[in-house]
Amino acid sequence: MAAPVRGGNAMEKERSAALASMDVVKIVRAYIAAAVDEQAGYKALLLDRETMRIVSTLFGRSELADHGVVHIERLDGGAAPGDAAAAREHVELKGVVLVRPTRENVTLLKRELRQPRFQSYHLFFTHLVPQMYLQDMAEADAAKELVQGVQEYYADFMALDTHHFVVPVAGAELLINPRAIATTGTATEYEVIDRLVQGLSGLFLALRRRPVIRYQQNSESARRLAESLYSLTYKQQVGVFDFGSHRTSPVVLLLDRRDDPITPLLTQWTYQAMIHELLGIRDGTVLLDTAKVPEEYREVVLEAASDEFFARHRYSNYGEVGLAVKEAVEKFSATSAQHRQVTSLEDMRRFVMEHSDFSRAQGVVTKHVNVMSALSERVLARRLMDVSSIEQDLANPAATLSAASSYDTLADLLRAQQGTRPLADKDAARLVMLYALRFEAEAQRVRSLLDMLEGCGLRQRNPGLMAAAEGILRYAGAEKRAGDLYSGGNILLKARNLVKGLQGVDNVYTQHSPLLAETLGALRDGSLGTQPYPYMGTTDEQMAWAAAFKARPPSEAIVFIAGGSTYEEAKAVAEWNAKQGSSGGGGGGGAGQAGGLGAPPAPMRVLLGGSGILNTDAMLAALGAGASSGADLR
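The protein chain goes by Vacuolar sorting-associated protein in an unreviewed UniProt entry, where it is assigned to Raphidocelis subcapitata. As stated in UniProt under Sequence similarities (unreviewed entry), the record for the protein chain gives "Belongs to the STXBP/unc-18/SEC1 family."

So this is what it looks like as C-alpha cells:
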C-alpha cells in the first residue's frame, strides 16, 4: 500500500478560488467531490460517524449519485457481525472510504480489508495519518492488495456556511458545565481538547495557513487548546504546517463561551437562528413536530446552496420572513393558475418545459410555509413576544434598568406560574439567569428569584434546569469573564453603549448584538489587549507578533469559541465580512492604524467556529448536566 498523497490534482482548481476567501464550504465540497471522482464507475461510499455528518451537511444523496455513488453506509455498520444488509458484498462497486484517522476506524478498516466486500478500495483520511496506522492497514491488505490509493483530504470539521464551521465533539458540555470545570484533568476532558486540536489543525491544513495563536487568558480550556495547537503546528509538525509567506499571517483567536453567556440564552428572531432556537437544526435538517404540518412534510432540509429563499432570508427577522413567505405564496399561486390553463399544444409544450421549475418552486414554498407555521405555533404557545421584550432589556447594556423594578417584573411573572397562563419552565429560568448576570451584585434579589423558581416546583419537575439557573454565575459571573458585558469596564464597551443609545432600536426583539462583534473590532484595530488575550509562543515570538500586528493588523482571523458558537454570532460575522468587502479590499492586509491618524482600519475577513452550535436548550442542558439523567428542556 502506497504512502498517502496529500491532496490531489482533481480539486485544485476549485479549491484555489475558495482558498483566497477562506470559503470552508467550497473547500470541503471540493475534497469530497475529488474523493468520489477519483475513480470512474459506480461506487460505494463508506463513512464513519463524524464524516457521515460532514458529508450529509454538504451533499444530498441525489447529488452524490451524480458522482457515481450508488451506495452509502457507515463503516462500523458495514463491519457489524450479523447485520446481513450492512455486511452484504458489493463486488460490482468500488469502495471509497472517507474516515477520520482514529484507532477505531483503522481497526474497522483492517477487518474490512481482510474480508473485502468491494471490488477495490480508495482510502481518504480527513487528517494526518500516523505511520503505524499505515503499516497496520498495509499488513491487512497484503493478501489481496485491493487498496488502490491512500490520501489525506483535510475535511476534519463540519462546514455549515462559507464563514462558519464546527468541530463536532462528544462531551462538549464539559467546556460549559461548572461541575466539570471544577474537576479538570479527567480523561474525557483531555479527549475533548484533543478532538478540537485535530479539527482546528485540520482547518489550518485545508486553508493552507498556519495562524498566529491568541487565546482568552482566564480560560483554562482556551489556554490548553492554545498550548496543544502551538505544540502541534509550531513544534511537532512544523514542516507540514509551514506554507511559506501568505501576506500577513492570519490569527486564530480562541475564546471561551463563558465570556458571552447571554447570546445563547436569548430568544432569537432572525430566521435561521429562530429555527434552531425553537425547532432545532441537526446537520441541516429540521423536524417539524406539529400537527399543523402533514407527516410527509415534517422533515425539511435547509441548505442555502439549493434553496434561494433560505439563502436570501436566513438573516431576516421574523416579520420580514413572514411577508416574504406571503409574497412567495402569491407568486406561486399566480404561476399555478397559469399552469392550469393548458388548452393548446403550445400550452402543453410550455408546461412540460417549465414543470421541473414549477415543482421545485412548489416544494420551496411548501417548506417555508410549514416552517413558519411551526415557528408561529411555538411563539404563541410560549408567549415569546412578552418574554423576549424582557430578555432584550436585561441583555442590552444601553437599556436603563433598575435592579428593583426588574426584580418586581420577574417576581410578578413567577408568582403567576401557578395561574392559567404560566411561562414555560425554561423561559422562566432564562429570565432569572439573565437577571442574575445583569444584576450580579444584587445577591439577595437573585437568591429570592431562584427561591421562587424552586417554589414553583421546578426542582421537582426538572432538576437539571434548576441546576442550570443556580449555576450560571459559577460558570460565567463577572470575575469569570474577560470582558464586561454591561458596564463601563473598558472604553470599547462604553462606546458600544453610547452608540446604541444614540441609534435607537428599530426592532425591540433584535436590539441585542453579540459581544463577538466588539471583539472583532478590537482585534482589527489593534486594541484587543495582550494581557487578557495573549499570544501563544516563546517570549520572543510573542513580542515579535505583537509588534507585527500593531504595525499591520491581520487581514484574516479565525475565531473559535470553546463551548459552542451560535447562529446569531454567525449572522454577525456574515455582516462583518460583507462590510469588510464593501469597504474596499478583500483581505489584502492594509496598514491599519499604521496608515496614520484617522486612517480607516484595513479589512479583516473572519471565520467563525465552535465546538457545537448552541441554542437555549443546548446551553441549559450543558449547564444542568449531571443534576438529573432525565432532564427535559422542551
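A few words now on the overall build of the protein chain. A count of helical and extended segments in the protein chain gives 25 helices and 14 strands. When the 634 residues of the protein chain are sorted by exposure, 54% land in the buried category. In the protein chain, the share of contacts with a sequence separation of at least 24, taken over all contacts with a separation of at least 6, comes to 80%. For the protein chain, the accessible area works out to roughly 27,400 Å², and carbon and sulfur atoms hold 52% of it.

The next point concerns the side chain of asparagine 370. Residue position: asparagine 370 is located in helix H14 (residues 345-381). The residues contacting asparagine 370, other than those within four sequence positions of it, are Leu288, Val293 and Tyr297.

This brings us to the sheet that holds strand S10 (residues 251-256). Here 6 strands make up an open sheet; going across it, the order is S7-S8-S14-S13-S10-S9 and the pairing mixed. Lying at the two open borders of the sheet, with one neighbouring strand each, are strand S7 (158-161) and strand S9 (212-215). Each neighbouring strand pair of the sheet contributes to a mean axis angle of 25 degrees, computed without reference to strand direction. Of the strand pairs in this sheet, strand S13 (residues 556-562) and strand S14 (residues 605-610) are connected by 6 bridges, and their pairing is parallel. What sits directly across from alanine 557, in S14, is valine 606.

Because side chains alternate across S9, one face comprises the buried residues Val212 and Arg214, and the other comprises Ile213 and Tyr215, equally buried. As defined by bridge partners, S9 adjoins S10 across 4 bridges and the pair is classed as parallel. By the bridge assignment, valine 212 is partnered in S10 with valine 251.

Another point: the packing of helix H20 (residues 463-476) against helix H25 (residues 616-624). Remark: H20 packs on H25, axes separated minimally by 7 Å, with the N-to-C direction vectors making an angle of 85 degrees. As the angle between them shows, H20 and H25 are arranged roughly perpendicular. Residues Gly464, Leu465, Ala467, Ala468, Ile472 and Tyr475 of H20 lie in contact with H25, whose contacting residues are Met619, Leu620, Leu623 and Gly624.

A few words now on the pattern of salt bridges. Taken as a whole, this structure holds 35 salt bridges when the rule is applied. A salt bridge links aspartate 76 to arginine 74, with the shortest nitrogen-to-oxygen separation between them at 2.8 Å. Given the relative accessible area of 29%, arginine 74 is considered partly exposed. Across the pair glutamate 220 and arginine 223 runs a salt bridge, and its minimum N-O distance is 2.6 Å. Pair noted here: glutamate 220 and arginine 223 are both in helix H10 (residues 220-236), with a separation of 3 residues, about one helical turn. The network of salt bridges with common partners includes Arg447, Asp451, Glu454, Arg459 and Glu470.

Attention shifts here to the packing of aromatic side chains. Tallied over the entire structure, the rule returns 14 aromatic pairs. When the centroid spacing of 6.3 Å and the interplanar angle of 0 degrees are considered together, the rings of tyrosine 535 and phenylalanine 549 count as stacked. Within this pair, whereas tyrosine 535 is found in the loop between helix H22 (515-525) and helix H23 (539-551), its partner phenylalanine 549 is found in helix H23, the two being separated by 14 residues in sequence. Of the two residues examined, tyrosine 535 and phenylalanine 549, each falls in the buried class. A cation over a ring is seen here: arginine 210 above tyrosine 234, with NZ or CZ 4.4 Å from the ring centre. When the ring centre of tyrosine 535 is taken as reference, the NZ or CZ atom of arginine 214 above it lies at 4.6 Å.

Leu45, Phe165, Leu200, Leu203, Ile213 and Leu254 are the most contacted members of the largest nonpolar core, which has 87 residues in total. In terms of domain composition, this core takes at least three residues from each of domain 1 (7-156) and domain 2 (157-261 + 512-582 + 602-629). Dropping the residues within four chain positions of it, leucine 254 is found in contact with Leu200, Ile213, Arg214, Tyr215, Gln216, Ala222, Leu225, Ala226, Leu229 and Phe560. By size, the runner-up hydrophobic cluster in this structure holds 45 residues, among which are Leu431, Tyr435, Leu437 and Met466.

Among all residues save glycine, negative phi is the norm, and among peptide bonds the norm is trans. Of note, the phi angle at methionine 22 is positive, near 55 degrees, even though the residue is not glycine. In this fold, methionine 22 is placed in the loop between helix H1 (12-21) and helix H2 (24-37). Although it is not a glycine, arginine 208 adopts a positive phi angle of roughly 55 degrees. Tracing the sequence through the fold places arginine 208 in the loop between helix H9 (187-207) and S9.

On to the environment of aspartate 136. Along the chain, the position of aspartate 136 falls in helix H7 (residues 131-141). Expressed as a C-alpha distance, the spacing of aspartate 136 and valine 106, which sit 30 residues apart in the sequence, is 7.9 Å.

Glancing now at the pairing of strand S2 (residues 43-47). Within S2, 5 of the 5 residues are buried, which leaves the element mostly enclosed by the surrounding structure. Residue alternation in S2 divides its side chains into two sets, Lys43, Leu45 and Leu47 and Ala44 and Leu46, and both sets are buried. Both S2 and strand S4 (residues 94-99) contribute to a ladder of 5 bridges, which runs parallel. Each residue of the ladder has a partner; that of leucine 46, found in S4, is valine 97.

On to the packing of helix H17 (residues 425-438) against H25. Axis separation between H17 and H25 bottoms out at 12 Å; the angle between their running directions is 75 degrees. Judged by the angle between their axes, H17 and H25 are roughly perpendicular. Counted together, Lys426, Arg430 and Met433 of H17 and Thr616, Asp617, Leu620 and Leu623 of H25 form the full contact between these two elements. By residue class, the composition of the contact of H17 with H25 is 3 nonpolar, 1 polar and 3 charged.

Looking now at H25. With 7 of its 9 residues buried, H25 lies for the most part within the structure. Among all positions of H25, only Thr616, Asp617, Met619, Leu620, Ala622, Leu623 and Gly624 are buried.

Tracing the backbone shows isoleucine 213 in strand S9. According to the relative accessible area criterion, isoleucine 213 is buried, its value standing at 0%. Taking C-alpha positions, isoleucine 213 is 5.5 Å from methionine 536, a pair spaced 323 residues apart along the chain. Isoleucine 213 has contacts with Ala226, Leu229, Tyr230, Thr233, Tyr234, Val252, Leu254, Pro534, Tyr535 and Met536, leaving out every residue within four places of it along the chain.

This part is about H22. Counting buried positions over the 11 residues of H22 gives 9, a clear majority of the element. Buried within H22 are the following residues: Leu515, Leu516, Glu518, Thr519, Leu520, Gly521, Ala522, Leu523 and Arg524. Once H22 finishes, glycine 526 follows within two positions and takes phi at roughly 85 degrees, a positive value.

Cut-offs applied
- Residues numbered from 1 in each chain as written.
- Predicted model: local features only at pLDDT ≥ 70, side-chain atom pairs only at ≥ 80, totals over all residues.
- Heavy atoms only, no water.
- UniProt positions renumbered as here; feature names shortened; annotations may be inferred.
- Helix = DSSP H or I, 4+ residues; strand = E, 2+ residues; numbered from the N terminus.
- Buried < 20%, exposed > 50% of the residue type's maximum accessible area, 1.4 Å probe, protein only.
- Contact = heavy atoms within 4.5 Å.
- Areas by Shrake-Rupley, 256 points an atom, 1.4 Å probe, with all protein chains shown as cover.
- Pairing = 2+ DSSP bridges.
- Axes fitted to C-alpha atoms, helices over the stretch in contact; angles between N-to-C directions.
- Parallel < 35°, antiparallel > 145°, perpendicular 65-115°, else oblique.
- Salt bridge = Lys/Arg side-chain N within 4 Å of Asp/Glu carboxyl O.
- Phe/Tyr/Trp six-rings, centres within 6.5 Å; stacked < 30°, edge-to-face > 60°.
- Lys NZ or Arg CZ within 6 Å of the ring centre and 35° of its normal.
- Core = buried A, V, L, I, M, F, W, Y, C linked by side-chain atoms within 4.5 Å.
- Domains from an automatic or database assignment.
- Nonpolar A, V, L, I, M, F, W, Y, C, P; charged D, E, K, R; others polar.

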